[in-house]
Amino acid sequence: MPVTLPNEVEVLVVGAGPAGSHLARRLAGAGRDVLLVEKRPEIGNPVRCAEAVEAEPLRGTLGDLEPGWVSQEIYGGRGVGPDGGEVRYEGEDVVGYVLNRRLFDRGLARLAAEAGARVSVRTQATAVRREGGSWAVTLHGDGGPREVRCRALAAADGVEGLVSRWAGAGGPWPLTELHSCAQARVVGLETEPRPLVEFHLGEAVAPGGYAWCFPLGGGRANVGVAVDPSRGGFEGARLYLERFLARNMPGAGVVELSAGCIPAPSKPKRLVADGFLAVGDAAGHTEPLSGGGIANAIQGAELAAEVLSASLTTGDLSAGRLEAYARRWAATVGRSLRRYARLRRLYLRLGDRDFNELLRIMNEELERWREGKRTSMVALLTRIVTRSPRLLAKLRFLL
Ligand SMILES: Cc1cc2nc3c(=O)[nH]c(=O)nc-3n(C[C@H](O)[C@H](O)[C@H](O)COP(=O)(O)OP(=O)(O)OC[C@H]3O[C@@H](n4cnc5c(N)ncnc54)[C@H](O)[C@@H]3O)c2cc1C
């Protein structure tokens, strides 16, 4: 049941994905009066995500994960090049998870409610207005439109969200800064996939992107394709997915299909305005090369909650004060995202021959590492210099 909407609240968070729920949880835990609204009738459903995360950053922020949040523990990865050559790492420790986003998202929203946030589903923000030092937000719920005032407004409304734009803090994503994705939940795989995340590269597989297969256990997997929409088109992802499934898993059943976009920002997006901040995909906090955004959404929400809570205490909600959140982000996770943005620019310049060569060289380096020989990024680059001047010419752009 949707909650009765208040006339006023201290903080209004729009969107109950991982970013919004974690932000609401932390703010409510700090004693703030928080309303979290979600337009869907059921949090976490439908799932438009391949659900894979690195273990360390997620556990670093959330601690132990609840039973049911993880479908499959992951022990390594496998990359397959256009010529079928592969590079594979499989260790003994858990390095990641394929989550159950339905239960994960719902669990995070429950934790927010337990911390004291009011959570209202089937409640959509449709307009925002700045008035007298606060925000007036129009919410459409079961009882029709309603205006709620808040001292601080947080956009956690995902890649398609409009709240940042309404608040004057950002425009739509340009085509060049998006991955276009299509995904299938497949069942009945004849061979149980190894507990590895698998990536397939190549112009015929996914132009400007990659195809993935993330195991879920029980002969099931999330299989998807991300393409650069300027090369594959928005329709393209679905067609490449059909082709990938037909070629690699002809006997498997598809029980769910989904499509969506992921931001791949080339530079940091504006995160704050007076009394306003953005988190998660709405803030462009996805890793631009792989498109992974779950762990970043939660890490960003953690920082945002600290800064916003302190700002509410001092009563200074100016953009200048909230900029501390953007600075802290830029100095931590944002730093590595900038590196990945440069890597994506390089990635988009590589062709099939480059991928084949790169995977071969990485394989040799991995072999040396397995034999106990020292290796490093410098060693990898040195090997590229000696093995492939053509690849080096492209990589120089990175240095
Ligand atoms: C096909 C695909 C595969 C992906 N695979 C991975 C992966 O394997 N690993 C990974 O880390 N990331 C992956 N991602 C990215 C990941 O899903 C996002 O980065 C993550 O969900 C971001 O969380 P969020 O809370 O910012 O946004 P979201 O999870 O998108 O949540 C936003 C919420 O806001 C709600 N909302 C929107 N507008 C309004 C409104 N006006 N009023 C009220 N509510 C509103 C939406 O309904 C939604 O519930 C994938 C994305 C796609 C599309």
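A brief structural summary. (Residues numbered from 1 in each chain as written. Predicted model: local features only at pLDDT ≥ 70, side-chain atom pairs only at ≥ 80, totals over all residues. Heavy atoms only, no water.)

### Regarding the overall build of the protein chain
Point 1. Check the secondary structure of the protein chain and you find 12 helices and 18 strands.
Point 2. Relative to a compact globule of 399 residues, whose C-alpha radius of gyration would be 21 Å, the protein chain shows 22 Å and is just as compact.
Point 3. Judged by the C-alpha coordinates and their principal axes, the protein chain covers about 65 × 45 × 40 Å.
Point 4. Counting the 399 residues in the protein chain, one finds 51% classified as buried.
Point 5. Restricting to contacts in the protein chain with at least 6 residues of sequence separation, those with at least 24 account for 70%.
Point 6. Accessible area for the protein chain stands at about 17700 Å²; split by element, carbon and sulfur atoms hold 53% of it.
Point 7. Put simply, the protein chain has 52 plus and 46 minus side-chain charges, and the middle of one group is 5 Å from the middle of the other. (Helix = DSSP H or I, 4+ residues; strand = E, 2+ residues; numbered from the N terminus. Rg over C-alpha atoms; globule rule 2.2 N^0.38 Å. Buried < 20%, exposed > 50% of the residue type's maximum accessible area, 1.4 Å probe, protein only. Contact = heavy atoms within 4.5 Å. Areas by Shrake-Rupley, 256 points an atom, 1.4 Å probe, with all protein chains shown as cover. Lys, Arg positive; Asp, Glu negative; His and termini not counted. Charge placed at Lys NZ, Arg CZ, Asp CG, Glu CD.)

### Quick notes on the pairing of strand S6 (residues 86–90)
Point 1. Sheet analysis places strand S5 (residues 76–80) next to S6, joined by five bridges and oriented antiparallel. Paired with Val80 across the bridge in S6 is Glu86.
Point 2. Adjacent in sequence and paired antiparallel, S5 and S6 are bridged by five residues, among which Gly84 carries a positive phi angle near 90°. (Pairing = 2+ DSSP bridges.)

### A few points about the pairing of strand S2 (residues 34–37)
Point 1. Neither face of S2 is exposed, since Val34 and Leu36 on one face and Leu35 and Val37 on the opposite face are all buried.
Point 2. For the crossover from strand S1 (residues 8–14) across helix H1 (residues 18–29) to S2, the handedness is right-handed.
Point 3. Examined bridge by bridge, S2 and strand S8 (residues 118–120) share three bridges and lie parallel to one another. Pairing of Leu35 across the sheet is with Arg118, part of S8. (Right-handed = clockwise from strand over helix to strand, strands pointing away.)

### Observations concerning the site of the ligand
Point 1. Taken together, 34 residues lie near the ligand, and Glu38, Ala50, Ala52, Asp281 and Gly293 sit nearest.
Point 2. Ala50 places a main-chain nitrogen or oxygen 2.9 Å from a nitrogen atom of the ligand.
Point 3. Measuring from an oxygen atom of the ligand, one finds a backbone N or O atom of Gly293 at 2.9 Å.
Point 4. Burial of the ligand by the surrounding chains reaches 90%, relative to a free accessible area of 1000 Å².
Point 5. Of all the secondary-structure elements, those providing two or more residues to the shell around the ligand are H1, strand S9 (124–131), strand S16 (253–263) and helix H7 (294–314).
Point 6. Ranked by residues supplied to the shell around the ligand, first place goes to S16 with three residues. (Near = heavy atom within 4 Å. Polar contact = N/O pair within 3.5 Å; in protein donor to acceptor, adjacent residues only side chain to side chain.)

### A short note on the sheet that holds strand S4 (residues 70–74)
Point 1. Sheet architecture is open: three strands sit in the order S3-S7-S4, paired in antiparallel fashion. Edge positions in the open sheet fall to strand S3 (52–54) and S4, since each of these has one partner strand only. Here the strands of the sheet are splayed against their neighbours by 25° on average, with no regard to which way each runs.
Point 2. Where S3 lies against strand S7 (residues 96–99), three bridges are found, and the strand directions are antiparallel. Considered in S7, the bridge of Glu54 is made with Gly96.
Point 3. Against the sheet, helix H2 (residues 55–62) engages S3 and S7, with an angle of about 75° to S3. (Axes fitted to C-alpha atoms, helices over the stretch in contact; angles between N-to-C directions.)

### Some remarks on the nonpolar core
Point 1. In terms of nonpolar packing, the biggest core is built from 62 residues, with Leu12, Leu23, Leu153, Phe276 and Leu277 touching the most fellow members.
Point 2. Take this core: its biggest share by element is eight residues, from H7.
Point 3. Setting aside anything within four residues of it in sequence, one finds Leu153 in contact with Leu12, Val14, Val128, Trp135, Val137, Val163, Gly275, Phe276 and Leu277.
Point 4. Counting 21 residues, the second-largest nonpolar core is a separate cluster that includes Ala50, Val98, Tyr210 and Phe214. (Core = buried A, V, L, I, M, F, W, Y, C linked by side-chain atoms within 4.5 Å.)

### Some words on the state of the cysteines
Point 1. One pass over the full model with this rule turns up zero disulfides.
Point 2. Here Cys261 stays free of any disulfide, with the sulfur of Cys181 as its closest cysteine sulfur at 6.8 Å.
Point 3. Exposure remark for Cys261: the relative accessible area of 22% places this residue in the partly exposed category. (Disulfide = S-S within 2.5 Å.)

### Let's talk about the environment of His140
Point 1. Within the fold, His140 resides in strand S10 (residues 134–141).
Point 2. Apart from the residues within four sequence positions on either side, His140 is in contact with Arg122, Thr123, Gln124, Thr126 and Pro145.

### What about the sheet that holds strand S13 (residues 196–200)?
Point 1. Taking strand neighbours across the sheet as the criterion, the seven strands line up as S6-S5-S13-S14-S15-S12-S16 in an open arrangement whose pairing is mixed. At either end of the open sheet lies a strand with only one pairing partner, and these are S6 and S16. On average, each strand axis in the sheet is tilted by 15° relative to the strand beside it, whichever way the strands run.
Point 2. Of the pairings in the sheet, the one linking strand S12 (residues 178–187) to strand S15 (residues 220–227) comprises seven bridges and is antiparallel in character. Bridged to Val186 within S15 is Ala221.
Point 3. Sheet strands in contact with helix H6 (residues 236–248) are S12, S13, strand S14 (210–217), S15 and S16, and its direction is about 135° off that of S15.

### Overview of the packing of H1 against helix H3 (residues 101–115)
Point 1. H3 packs onto H1 with a crossing angle of 20° between their chain directions and a minimal axis gap of 7 Å. Between H1 and H3, the interaxial angle falls into the category roughly parallel. Note on packing geometry: the crossing formed by H1 with H3 is left-handed. Taking contact as the criterion, the partners of Pro18, Ser21, Ala24, Arg25, Ala28 and Gly29 in H1 are, on H3, Arg101, Phe104, Asp105, Leu108, Ala109, Leu111, Ala112 and Ala115. (Parallel < 35°, antiparallel > 145°, perpendicular 65-115°, else oblique. Left-handed = near helix turned anticlockwise from the far one by under 90°.)

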